[in-house]
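# Results of the structural survey
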Amino acid sequence: MRGGVMRIGITGGIGSGKSTVTGHIIDRGYQVLDADKIARQIVLPGEPALARLIEAFGPGILGKDGALDRKKLAALTFGDPESVKLMNDIMHGEIYDIMMDGLLHPESDPVFADVPLLFETGFEKDLDKVWLVTAPVEIRIKRVEQRDGEPRDHIVARMKSQMPEEERMKKADVIIENDRPLEELYSKVDALLEETHENNRK
């Protein structure tokens with residue numbers, strides 16, 4: 001713990017139910033710093049990160065409204081490792097700075113960081129613990145199919161492009177199995193929150 005506040009990362013692959021867990025944590029009154037939300041905010045018109053992306057990839061990445069067109073940016077960087085690295089350096093650096101500011105000036109104890117690519121970016125080094133939300137592959141696929149209407153082969157391809165679940169499980173401090181009814185998931189999360197408070201009191 002740094003400064004007496006427990007900093008906990010939450011991660012999980014697509015369809016794991018990570019957003020359901022973080023939503024419950026927010027409902028319980030805790031601060032959750034959301035990397036995806038920050039990623040959307042930093043590319044709004046007028047933001048420094050968007051200016052850096054335009055400088056790197058040209059104004060063709062913008063839509064008619066002056067906002068970032070993610071599909072155009074993805075098309076420009078697809079299959080080009082150097083372009084992908086440049087894009088990630090611009091985005092991840094800005095996201096990291098904002099996340100760290102929130103972790104250093106928390107509004108709750110514990111404070112949570114919701115980071116999909118937590119282990120891939122090495123963010124765990126700035127945290128006290130990492131909670132991994134997971135579920136069997138078939139359950140995850142069905143959830144994404146129902147949520148996004150995405151074809152099964154696309155979902156499987158996205159899963160294969162992510163860090164293997166076994167590797168995530170080895171790196172995580174806490175594994176939250178999300179393969180049961182919501183009430184059971186919420187009970188697990190509440191128990192973990194209570195356990196965290198008990199440990200903080202010691």
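What you see is a predicted model, and the numbers here were worked out from it, not measured in a lab.

The two faces of strand S5 (residues 174-177) differ: Val 174 and Ile 176 on one face are buried, but Ile 175 and Glu 177 on the other face are not. Summarising the sheet, strand S4 (residues 129-134) and S5 pair through 4 bridges and their orientation is parallel. Looking across to S5, one finds that Leu 132 is bridged to Ile 175.

It is the contact of helix H3 (residues 48-57) with helix H5 (residues 81-104), at a shortest axis distance of 10 Å, that shows an interaxial angle of 165°. By the angle between their directions, the pair H3 and H5 is classed as roughly antiparallel. Taken as a pair, H3 and H5 cross one another with a handedness that is right-handed. The segment H3 lies against H5, with Ala 49, Arg 52, Leu 53, Ala 56 and Phe 57 engaging Ser 83, Leu 86, Met 87, Ile 90, Met 91 and Glu 94. By residue class, the composition of the contact of H3 with H5 is 8 nonpolar, 1 polar and 2 charged.

Now for helix H1 (residues 18-27). When H1 is considered as a whole, its buried residues turn out to be Lys 18, Val 21, Thr 22, His 24 and Ile 25. All buried residues of H1 fall inside an arc of 155° around its axis, so they share one side. Exposed residues on H1 whose side chains face more than 90 degrees from its buried face are Ser 19 and Asp 27. Gly 29 lies just past H1 and shows a positive phi near 95°.

Inspection of the secondary structure assignment puts Gln 31 in the loop between H1 and strand S2 (32-34). Among the polar contacts made by the side chain of Gln 31, one reaches the main-chain amide nitrogen of Glu 107 at a distance of 2.6 Å. Setting aside its immediate chain neighbours within four residues, Gln 31 contacts Gly 102, Pro 106, Glu 107, Ser 108, Val 111 and Phe 112.

Once that is clear, we can look at the nonpolar core. Among the nonpolar cores identified, the biggest contains 33 residues, and Leu 53, Met 99, Leu 103 and Phe 123 are the most heavily contacted of them. Elements represented by at least two residues in this core include exactly helix H2 (35-41), H3, H5, strand S3 (111-114) and S4. Examining the composition of this core, we find that 7 residues originate from one element, H5, more than from any other. Setting aside residues up to four positions removed in sequence, Leu 53 forms contacts with Val 43, Gly 58, Ile 61, Leu 68, Leu 73, Met 87, Ile 90 and Met 91.

On to the packing of helix H6 (residues 137-148) against helix H7 (residues 152-161), then. At a minimum axis distance of 10 Å, the contact between H6 and H7 shows a crossing angle of 125°. Relative to H7, the element H6 lies oblique. When you trace H6 past H7, the crossing you get is right-handed. Of the residues in H7, those in contact with Val 137, Glu 138, Arg 140, Ile 141, Val 144, Glu 145 and Asp 148 of H6 are Arg 152, Ile 155, Val 156, Arg 158 and Met 159. Grouping the constituent residues of the contact of H6 with H7 by class yields 6 nonpolar, no polar and 6 charged.

Within a pair of aromatic rings, the relevant descriptors are the distance that separates the centres and the angle that separates the planes. One pass over the structure, following the stated rule, counts 3 aromatic pairs. Considering the side-chain rings of Tyr 96 and Phe 123, the 5.7 Å spacing of their centres and the 90° angle between planes classify their relative orientation as edge-to-face. Placement of Tyr 96 in helix H5 and of Phe 123 in the loop between S3 and S4 is noted, with a sequence separation of 27 residues between them. Clustering of aromatic rings is evident, with ring pairs tying together Tyr 30, Phe 112 and Trp 131.

The rules we used
- Residues numbered from 1 in each chain as written.
- Predicted model: local features only at pLDDT ≥ 70, side-chain atom pairs only at ≥ 80, totals over all residues.
- Heavy atoms only, no water.
- Buried < 20%, exposed > 50% of the residue type's maximum accessible area, 1.4 Å probe, protein only.
- Helix = DSSP H or I, 4+ residues; strand = E, 2+ residues; numbered from the N terminus.
- Pairing = 2+ DSSP bridges.
- Axes fitted to C-alpha atoms, helices over the stretch in contact; angles between N-to-C directions.
- Parallel < 35°, antiparallel > 145°, perpendicular 65-115°, else oblique.
- Left-handed = near helix turned anticlockwise from the far one by under 90°.
- Contact = heavy atoms within 4.5 Å.
- Nonpolar A, V, L, I, M, F, W, Y, C, P; charged D, E, K, R; others polar.
- Arc of directions from axis to C-beta.
- Polar contact = N/O pair within 3.5 Å; in protein donor to acceptor, adjacent residues only side chain to side chain.
- Core = buried A, V, L, I, M, F, W, Y, C linked by side-chain atoms within 4.5 Å.
- Phe/Tyr/Trp six-rings, centres within 6.5 Å; stacked < 30°, edge-to-face > 60°.

Spatial relationships are all this shows, so hold off on functional conclusions.
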